Amino acid sequence: MEPADLKAAQAGTLESMDCLVTITGPVEGRVIEISGNAAARFKTAMERRINDVLDGFGNSPTDIKVGVQDNGALDIVLGARVEAAYARYIGRAGR
Amino acid sequence: MRRTMLYLPGNNPNMLLRGHLFEPDGLVIDLEDSVSAGEKDSARILVREVLRRGEFGACEVTARINGTDTEHWRKDVQAVVSCGASGVRVPKVESPQTVRDLDEEISGAEAQAGIPQGSVKIFCLLETAFGVWNAYDIAKASPRVTAIIPGGEDLAADLRTSRSREGTELEWVRRMLIVVARAAGVDALDTVFPHVSDDDGLRREANFVKQLGYDGKSVVHPNQIPIIHEVYAPTEREIDNARRIVEAASAAQARGLGAVSVDGRMIDAPVIRRARFTLVRAGLASDSESKG
C-alpha cells in the first residue's frame, strides 16, 4: 500500500502573547506537543483547549500531530491559532 | 466621543488584547492593510475570538474590513458583526452604492446573529478624489453611516502628490469634508498622523483639525493618544463657562422658560448644545447628556 502524502499547515507567530501552531499528518491518533515557557504549568489546560477546538470541527479529527510553540498566548489566542491551522490543513481556510 | 481611534493590527494578539489599556476613545481592529494577503483567514479567526471574549474597557470597538472590491469583505463583515463590533470601517468608498451593499450585508449579519437591525454603524474612508467628490451622497446613503474620514497616503497618491508634514495636499479635502459631515449629520474623523515620534507635528495637526471642527483623529501609535486628548481637552475657563450655561439652561427649563440668559447675554440652543459637549470632553458629563 502506498503511504499517504504528508501534509502540514501552520498558523500564528512566535511574537509575544502569540503561539505558532503546526499541524502535520497523517500520524496515528491525535498527538499534541507543546513547548515554550508556560508549557509545563498550563499543559493540561492548553491540551483541553486544543482538543475542544479540534472537536468543534466535527468528526473528532484524528491522525494529526499538533505542535504548539508558545510565547505566552492566552486561551483565546491559542484556540484561534489552532482553528486557523486546522482549517488550513484541511483546505478550509477562512471558514 | 471619538477624539482618538487606535488602529490595532488584526493578526497581532499583543496589540489586540492590550490596545484598550492605552485608553483611546475607540479601537479600529484592522483586517486590511496591516494583515498580509496570506494571513487574512488567520487574522479573521483571531479577531472573531478576541471580539467575542476580549476586554475593551470603555472603548468603542470597530473593525476595518477589506475593501468591497476584494474577496474578503463579506467574510470580514460576517465575522466582526456577529461577534459584537459596534462599527465597520470600510476603505476606499467611492459611491453610495458601496454603502448600500455594505448596509445590506451588515443587515444580514445582524439578522443571523440576533442583533437589533441598525445597531452596527458604518465609518467611511474616503481615499480617492472620486470618493471625496461623492462624500455627501456617501454619508447619506445609509442611516448606519456615522462618520466620514479622509484618506492619507492613498488619497495623496490619488491626487498625484505625496504627504507633507504641513498637510498642504489634504487641506482642501479636510475643509470640504467637515462641511459635508455637518450637512449630513455624521462625525468627521481625521486621518492618521504617520510620524509617530514627531509630537509637535501631531499637536499642530490635531489643533488644526480640531479648529476646523473635526471630532477626532485616527491613531497608529498609543503615544499619540494623550497628545490628542490634551488638544481636545477644554480649558478651565471653557469648562466654567459651559457649566454656567448648562446650569442656567436647566434652571430655565425647570421654570418653564424658553429663553436663557447668562451674564446678561441671551443664550440659544446651539450654544447650550456646545456647552454640554464641552462638559463631555472635560469628562464631566456623558455623551447621552450632551445630546439631551
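Residues numbered from 1 in each chain as written. Chains lettered and ligands numbered in written order. Predicted model: local features only at pLDDT ≥ 70, side-chain atom pairs only at ≥ 80, totals over all residues. Heavy atoms only, no water.

### A short note on the domain arrangement of chain B
In terms of domain boundaries, chain B breaks down into domain 1 (4-232) and domain 2 (236-291). Put simply, the middle of domain 1 of chain B and the middle of domain 2 of chain B, counted by C-alpha atoms, are 31 Å apart. (Domains from an automatic or database assignment.)

### Digging into the interface of chain B and chain A
Every contact between the two is made by 18 residues of chain B and, on the other side, 17 residues of chain A. Note on chain B versus chain A: buried area summed over both sides is about 1,500 Å², and carbon and sulfur give 55% of it. With a closest N to O distance of 2.7 Å, Asp41(B) and Arg88(A) form a salt bridge. Remark: the boundary between chain B and chain A carries 7 residue pairs in polar contact (both at pLDDT 80 or more). Elements that contribute at least two residues to the side of chain B that touches chain A include exactly α1 (13-18) and α2 (40-53) of chain B. For the side of chain B that touches chain A, the leading source of residues is α2(B), giving 9 residues. For the side of chain B that touches chain A, the per-class residue count stands at 5 nonpolar, 5 polar and 8 charged. (Contact = heavy atoms within 4.5 Å. Buried area = accessible area lost by both parts, 1.4 Å probe. Salt bridge = Lys/Arg side-chain N within 4 Å of Asp/Glu carboxyl O. Polar contact = N/O pair within 3.5 Å; in protein donor to acceptor, adjacent residues only side chain to side chain. Helix = DSSP H or I, 4+ residues; strand = E, 2+ residues; numbered from the N terminus. Nonpolar A, V, L, I, M, F, W, Y, C, P; charged D, E, K, R; others polar.)

### Topic: unusual backbone geometry
One can expect most non-glycine residues to show negative phi and most peptide bonds to be in trans. The residue after Gly25(A), namely Pro26(A), is reached through a cis peptide bond having omega -5 degrees. With respect to the secondary-structure elements, Pro26(A) resides in the loop between β2 (18-25) and β3 (30-36). Its identity as a non-glycine residue notwithstanding, Lys92(B) has a phi of 50 degrees, on the positive side. Mapping Lys92(B) onto the fold places it in the loop between β4 (87-90) and α4 (96-113). Relative accessible area serves as the criterion here: at 37%, Lys92(B) is assigned to the partly exposed category. Although it is not a glycine, Arg160(B) sits at a positive phi angle of roughly 60 degrees. Its location among the elements puts Arg160(B) in the loop between α7 (153-158) and α8 (168-184). We classify Arg160(B) as exposed; its relative accessible area is 80%. (Buried < 20%, exposed > 50% of the residue type's maximum accessible area, 1.4 Å probe, protein only.)

### What to know about the sheet that holds strand β5 (residues 121-126) of chain B
Consider a sheet: its strands pair through backbone hydrogen bonds, and that pairing is either parallel or antiparallel. Residues and elements named next belong to chain B. The sheet built from 8 strands closes into a barrel, its strands ordered β1-β2-β3-β4-β5-β6-β7-β8 with parallel pairing. Here the strands of the sheet are splayed against their neighbours by 25 degrees on average, with no regard to which way each runs. Summarising the sheet, strand β1 (residues 4-9) and strand β2 (residues 26-30) pair through 5 bridges and their orientation is parallel. Bridging from a neighbouring strand, Tyr7 pairs with Val28 of β2. (Pairing = 2+ DSSP bridges. Axes fitted to C-alpha atoms, helices over the stretch in contact; angles between N-to-C directions.)

### Some thoughts on the sheet that holds β2(A)
Residues and elements named next belong to chain A. Spatially, β1-β2-β4-β3 is the arrangement adopted by the 4 strands of the open sheet, whose pairing is mixed. Of all the strands in the sheet, just β1 (7-12) and β3 have a single pairing partner and so form its edges. The mean inter-strand angle of the sheet, taken between neighbouring strand axes irrespective of direction, is 15 degrees. Across 7 bridges, β3 lies against strand β4 (residues 64-71) in parallel orientation. Its bridge partner lying in β4, Glu33 is registered against Gly67. Against the sheet, helix α1 (residues 39-55) touches β3 and β4, its axis set at about 140 degrees to β3. Relative to the sheet, helix α2 (residues 75-89) contacts β1, β2 and β4, its axis offset from that of β2 by approximately 30 degrees.

### Some details on the packing of α8(B) against helix α9 (residues 199-212) of chain B
Residues and elements named next belong to chain B. Remark: α8 packs on α9, axes separated minimally by 10 Å, with the N-to-C direction vectors making an angle of 35 degrees. Two packed elements cross with a definite hand, and for α8 against α9 that hand is right-handed. Touching Glu171, Arg174, Arg175 and Ile178 of α8 are Glu205, Phe208, Val209 and Leu212, all from α9. Its residues assigned to classes, the contact of α8 with α9 comprises 4 nonpolar, no polar and 4 charged. (Left-handed = near helix turned anticlockwise from the far one by under 90°.)

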